[in-house]
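# Coordinates in review
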Amino acid sequence: FPSPDTTVIIVDKSRNYDMQFFEVPLTLKLRTNEIGYITYWAQMGLGLGVRIKATADDQNDVVMRQNGAGFENDNASRDGEVNDIDVNDAINAFRVGFIVAGGIEYNLSGNTSLVAGVGYNNGLNNILKSKAVSDTGNGSPDVAAGTPEKFTMEAVSRVFSLNLGILF
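Figured I'd write up the structure that's included with this text. (Residues numbered from 1 in each chain as written. Predicted model: local features only at pLDDT ≥ 70, side-chain atom pairs only at ≥ 80, totals over all residues. Heavy atoms only, no water.)

### Looking at the side chain of T39
Here is the rule: In DSSP terms, a helix is any run of H or I states spanning at least four residues, a strand is any run of E spanning at least two, and both are numbered starting from the N terminus. Only protein chains enter the calculation, and the probe is 1.4 Å; a residue is then buried if its accessible area is under 20% of its type maximum, exposed if over 50%, and partly exposed in between. Here a residue-residue contact requires only that any non-hydrogen atoms of the pair lie within 4.5 Å.
One can find T39 in strand β2 (residues 38–67). In this structure T39 comes out as buried when scored by relative accessible area, which is 6%. If we ignore the near neighbours within four places in the chain, the residues touching T39 are R31, T32, N33, E34, G103, I104 and E105.

### Quick look at the layout of surface pockets
Rules: Here the term cavity refers to a set of points on a 1 Å grid, laid over the protein atoms alone, in which a 1.4 Å probe fits but cannot get out; the term pocket refers to an open set having protein on both sides within 12 Å along at least five of seven lines, with lining residues being those that place an atom within 4 Å of a point. Grid points are joined across faces, edges and corners, and a volume is the space filled by probe spheres set on the points. Three categories are distinguished: nonpolar for Ala, Val, Leu, Ile, Met, Phe, Trp, Tyr, Cys and Pro, charged for Asp, Glu, Lys and Arg, and polar for the others, with Gly belonging to the last.
In this structure, the second largest pocket occupies an estimated 380 Å³ of space. Forming the boundary of the second largest pocket are 16 residues, of which E23, R95, I99, N121 and V159 lie nearest the centre. At the level of elements, β1 (9–31), β5 (94–109), β6 (112–123) and β9 (158–167) are the ones that each hand at least two residues to the lining of the second largest pocket. It is β1 that contributes the most residues to the lining of the second largest pocket, 4 residues altogether. A breakdown of the residues in the lining of the second largest pocket according to their chemical character gives 8 nonpolar, 6 polar and 2 charged.

### Details of unusual backbone geometry
One non-glycine residue, D84, lies in positive phi territory at about 55°. Residue position: D84 is located in strand β4 (residues 80–86).

Below you can see the structure in the form of structure tokens.
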């Protein structure tokens, strides 16, 4: 519990994350024999990532303040926006993803080919370590027994990719 001279407030926070992970793909690539000038390929496996940066932009709206043993609605205008907050402590250091991709290689001449494909990288683990206050369903926080009810937030990252290149 906070000290007696501290006021507890509950904030409706909207947060946009900007995260960067360095990922090493461990995949198996399967290719057909050349049919005409085209070779088809499929790729699948895991992507193992390490967090290198995590920042966030917050939009804060105060909704409740502590009043004695309970909480009351707060209509004061102390809303604000904070940008580029370092949130490395709130983001898991590792990310594991399942990778699946497919495409074609078009042989231009000899060993030179154009490559085109699409891929999907689906995260397998929760990347957030944060907790939040539960909502009662009508937009108000759940403050049962004078204490905000919390839950663990979950987020899984997903990436669609377009692969274009030249092999020589």
